[in-house]
Amino acid sequence: MNEVLRAIRERRSVRVFRTDPIESEKLEAILEAARWAPSGRNTQPWRFVVVESKEKREELGRVVTQMDMVRTAPVTIAILRDKDAGYDEIKDAQAIGACAQNILLAAHSLGLGACWLGRLRDPQVEKIIGAKENEELMMLIVLGYPAERPGTRDRKPLAELVRRI
Ligand SMILES: Cc1cc2nc3c(=O)[nH]c(=O)nc-3n(C[C@H](O)[C@H](O)[C@H](O)COP(=O)(O)O)c2cc1C
């Protein structure tokens, strides 16, 4: 198995974090990976708000259900859809999903843990992170050094998922 396949296979959602900060080069590399995701017509409809300050993390923690994760993780990345940048709502959302997966895999490859939080168009979160008029929240991704080693999670067998014609 090559490195990419191994990272895809071994990445797991991490929900418990150490409070150690993330090195800025690592954070930069993760955001770079996000930027290189594919998007329809290369419209790159994603925008990122990197939430690092203790104050903002506390504020987010008050409105997000999994508050401990958001408070403890040193970084939360909010991914927003720029409604003016894309060209098709569903395709833009698909591109942003690819972008989020790049973040998860890049984090994993750098020894960090991450978890995708499904917070969609949440007005409270959008206010806290200062989303612009033309932007809507697509998800939050919490990031940090793992304080847990999640066990393997099952997947449905290919035989149940694939039809070959
Ligand atoms: C669209 C989406 C929404 C998710 N929302 C949450 C969430 O709100 N809270 C959470 O703890 N995990 C969330 N997850 C993570 C999934 O629970 C996780 O990916 C799934 O259980 C498989 O586990 P694994 O990532 O360890 O392989 C979300 C994942 C996706 C793709």
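Structural notes, computed from the coordinates. Remember, it's a predicted structure, so these values are computed and weren't measured experimentally.

**Some details on the state of the cysteines**
Disulfide: a covalent bond formed between the sulfur atoms of two cysteine residues. Under the counting rule described, the total for this entry stands at zero disulfides. Summary of cysteine pairing: Cys99 is not part of a disulfide, and the nearest cysteine sulfur, belonging to Cys115, is at 16 Å. Since its relative accessible area comes to 2%, Cys115 is described here as buried.

**Some remarks on helix α3 (residues 54-63)**
Within the sequence span of α3, burial applies to Arg57, Leu60 and Gly61. The arc that holds the buried residues of α3, viewed along the axis, is 105 degrees, so those residues lie on one side. Facing away from the buried surface of α3 by more than 90 degrees, the exposed residues are Glu55 and Arg62.

**With respect to the nonpolar core**
Formed by 24 residues in total, the largest nonpolar core has its most connected members in Ile30, Ile79, Ile141 and Leu143. Of all the secondary structure elements, the ones that give two or more residues to this core are α2 (24-35), β2 (75-82), α5 (89-109) and β4 (135-144). Those residues in contact with Ile141 that lie beyond four places of it in its chain are Val75, Thr76, Ile77, Ile79, Ala100, Ile103, Leu104, Ala114, Cys115 and Trp116. Within the second largest apolar cluster, 18 residues are counted, among which are Val70, Ala73, Cys115 and Ile128.

**Some thoughts on the sheet that holds strand β1 (residues 46-51)**
The strand order across the open sheet formed by four strands is β1-β2-β4-β3, and the pairing between neighbours is antiparallel. Two strands in the sheet have a free side with no partner beyond their single neighbour: β1 and β3 (113-117). Neighbour to neighbour, the strand axes of the sheet diverge by 25 degrees on average, direction disregarded. Of the strand pairs in this sheet, β2 and β4 are connected by eight bridges, and their pairing is antiparallel. What sits directly across from Val75, in β4, is Leu143.

How each quantity is defined
Residues numbered from 1 in each chain as written. Predicted model: local features only at pLDDT ≥ 70, side-chain atom pairs only at ≥ 80, totals over all residues. Heavy atoms only, no water. Disulfide = S-S within 2.5 Å. Buried < 20%, exposed > 50% of the residue type's maximum accessible area, 1.4 Å probe, protein only. Helix = DSSP H or I, 4+ residues; strand = E, 2+ residues; numbered from the N terminus. Arc of directions from axis to C-beta. Core = buried A, V, L, I, M, F, W, Y, C linked by side-chain atoms within 4.5 Å. Contact = heavy atoms within 4.5 Å. Pairing = 2+ DSSP bridges. Axes fitted to C-alpha atoms, helices over the stretch in contact; angles between N-to-C directions.

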